[in-house]
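Descriptive analysis of the structure
Listed below, chain by chain, are the residues.
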Amino acid sequence: MVGEDMKFPCALVFFSSFLLTACGQSSADQDTEKAVDALIKKTKKHLVYVEGGSFEMGDFGPKDPKGDYLPWSVGEDDKHLHKVTLDGYYIMDRQVSYADYDTYTEATGQPKINTNNYSSRTRAPDVPAGVDWYQARDYCQWLANQTGLPFALPTEAQWEYAARSRGKMMPYATDDGILREGKNYPTREDRRKATAGNSPMAPYTIAKKYPPNPLGIYQMGLNGYEWVSDWYGKDYYEHSQELNPTGPESGTLKVRRGGATGESFLGMVTVIRTPYNPDLTQIPPKGNDVEVDPEKKQPYSMSTVRCVVDQTN
């Protein structure tokens, strides 16, 4: 009888422990679900509609009296002006933050990014998440799966069209097309204070301190490189299709648009194209046949993401 009397309390203790464990797991799952719901709601709120239309894509400097008819970039791959016509689409008015990306990795059972590397020095919840191309693509695809909306990386043409406020002759994606440090662009001191790393080269916070471009898009190409979906082709502009171009069918490098924080103003003009390895491994100098060390990656903090929704009003 003594043994039988002991069975019930023991079973009760075990069952209670099981309930506590189950409740703990359920609570964590509920917190993650709430965070995902909040992220989706915020993301939809910060989508800007870009009305479709046509524009001349490429370095418009020789046609721009504001720049004394001189090229805006020193590159060779953006000099072939060509007509592009785009359907309407939505674009995020701000970059994906570390807080946003952490919600995604938590929801998908992945480890947080950039916790123990070069970029961890500038990691903060409200600065742009530093990602390679695959991470950028996967985030947009996850949003698509969560919402049923066609989220994706912008094409190169979509990115430039939006940065130039529907293809206007705007060398910078600011409120007036010009960079004015401390008025519509962060100062070095602003950037230094943005993260724990206290670096003037760090990304700036995703905030509304400085005005957006005329479409309502913040810091486009002014707060780190931004990945687009296209493969890179140096001569692609010479044979690009006019309607909704998507870049070459294949390649080895992907395109980033905009510039890195802290570089010269000329490095952030809206027409500049920056090809890079999609996994961010360094590109060897021309003529160098030495295999690249996969661990030698450019700081993630310089490569960021914002998504589009290919859906007209």
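The rules behind the values
- Residues numbered from 1 in each chain as written.
- Predicted model: local features only at pLDDT ≥ 70, side-chain atom pairs only at ≥ 80, totals over all residues.
- Heavy atoms only, no water.
- Pairing = 2+ DSSP bridges.
- Helix = DSSP H or I, 4+ residues; strand = E, 2+ residues; numbered from the N terminus.
- Buried < 20%, exposed > 50% of the residue type's maximum accessible area, 1.4 Å probe, protein only.
- Phe/Tyr/Trp six-rings, centres within 6.5 Å; stacked < 30°, edge-to-face > 60°.
- Contact = heavy atoms within 4.5 Å.
- Axes fitted to C-alpha atoms, helices over the stretch in contact; angles between N-to-C directions.
- Salt bridge = Lys/Arg side-chain N within 4 Å of Asp/Glu carboxyl O.
- Polar contact = N/O pair within 3.5 Å; in protein donor to acceptor, adjacent residues only side chain to side chain.
- Patch = residues over 30% accessible without salt bridge, like charges linked within 9 Å, V, L, I, M, F, W, Y side chains within 5 Å.
- Areas by Shrake-Rupley, 256 points an atom, 1.4 Å probe, with all protein chains shown as cover.
- Lys, Arg positive; Asp, Glu negative; His and termini not counted.
- Charge placed at Lys NZ, Arg CZ, Asp CG, Glu CD.
- Disulfide = S-S within 2.5 Å.

1. Overview of the sheet that holds strand β8 (residues 273-276)
Whether parallel or antiparallel, the strands of a sheet pair through hydrogen bonds between backbone atoms. Taken in spatial order, the 4 strands of this open sheet run β8-β7-β6-β9, and their pairing is mixed. Each edge of the open sheet carries a strand with a single partner, namely β8 and β9 (303-304). Across 3 bridges, the pairing between strand β6 (residues 225-231) and strand β7 (residues 254-257) is antiparallel. Bridge pairing links Glu226 to Arg257 in β7.

2. Description of the environment of Tyr185
Mapped onto the secondary structure, Tyr185 falls in the loop between α4 (156-163) and α5 (188-194). With relative accessibility at 1%, the residue Tyr185 sits in the buried group.

3. A closer look at the packing of aromatic side chains
Summed over all chains, the structure comprises 11 aromatic pairs. Judged by centre distance (5.5 Å) and plane angle (85°), the ring pair of Tyr104 and Tyr139 falls under edge-to-face. Placement of the pair is Tyr104 in helix α2 (residues 98-107) and Tyr139 in helix α3 (residues 133-147), with a sequence separation of 35 residues. Like Tyr104, the residue Tyr139 is buried in the burial classification.

4. Examining the sheet that holds strand β10 (residues 308-309)
Reading across from one edge, β1-β4-β10-β5 is the order of the 4 strands in this open sheet, with antiparallel pairing throughout. Looking at the sheet topology across the chains shown, the edges are occupied by β1 (47-50) and β5 (151-152). Summarising the sheet, strand β4 (residues 89-92) and β10 pair through 2 bridges and their orientation is antiparallel. Pairing of Ile91 across the sheet is with Val308, part of β10. Together, β1, β4 and β10 form the strand contacts of α4, whose direction differs from that of β4 by roughly 75°.

5. Concerning the pattern of salt bridges
Enumeration over the complete set of coordinates arrives at 18 salt bridges. Linking Glu156 and Arg273 is a salt bridge whose minimum nitrogen-to-oxygen distance equals 2.6 Å. Of this pair, Glu156 sits in helix α4 while Arg273 sits in strand β8, and the two are 117 residues apart along the sequence. With relative accessibility at 2%, the residue Glu156 sits in the buried group. On the basis of relative accessible area, Arg273 is assigned to the buried category, the value being 6%. For Asp190, the salt bridge goes to Lys209, with nearest N and O atoms at 3.1 Å. Of this pair, Asp190 sits in helix α5 while Lys209 sits in the loop between α5 and β6, and the two are 19 residues apart along the sequence. Note on Asp190: relative accessible area 13%, which makes it buried.

6. Focus on unusual backbone geometry
With phi around 55°, Asn114 is a residue other than glycine that occupies positive phi space. Among the secondary structure elements, Asn114 is positioned in the loop between α2 and α3. Its relative accessible area of 5% is what places Asn114 among the buried residues. Notably, Arg166 is not glycine yet its phi reads approximately 65°, a positive angle. Within the fold, Arg166 resides in the loop between α4 and α5.

7. Focus on the environment of Tyr210
Tracing the chain through its elements places Tyr210 in the loop between α5 and β6. Exposure remark for Tyr210: the relative accessible area of 9% places this residue in the buried category. Spatially, the C-alpha atom of Tyr210 lies 6.3 Å from that of Tyr185, the residues being 25 residues apart in sequence. Within the structure, the side chain of Tyr210 is placed 2.4 Å from the side chain of Asp190, a separation counted as a polar contact.

8. Details of a negative patch on the surface
A contiguous patch of negative charge, built from Asp29, Asp31, Glu33 and Asp37, is present on the exposed surface. On the basis of relative accessible area, Asp31 is assigned to the partly exposed category, the value being 47%.

9. Structural notes on the side chain of Asp230
Its place among the elements puts Asp230 in strand β6. Despite its burial, Asp230 pairs with no opposite charge; the closest candidate is Arg273, at 6.4 Å N-O. Looking at Asp230, its side chain comes within polar contact range of the side chain of Ser229, at 3.3 Å. Residue contacts for Asp230: discarding those within four places in its chain leaves Pro154, Thr155, Glu156, Thr246, Gly247, Leu253, Lys254 and Val255.

10. Examining the state of the cysteines
By definition, a disulfide links the sulfur atoms of two cysteines through a covalent bond. This model, assessed by the stated rule, comprises 1 disulfide. With its sulfur 2.1 Å from that of its partner, Cys140 forms a disulfide with Cys307. Its S-S torsion of about -85° marks the bond between Cys140 and Cys307 as left-handed, since a negative value means left-handed. Note that Cys140 is positioned in helix α3 and Cys307 in the loop between β9 and β10, a separation of 167 residues in sequence. Exposure class is identical for Cys140 and Cys307. Each is buried.

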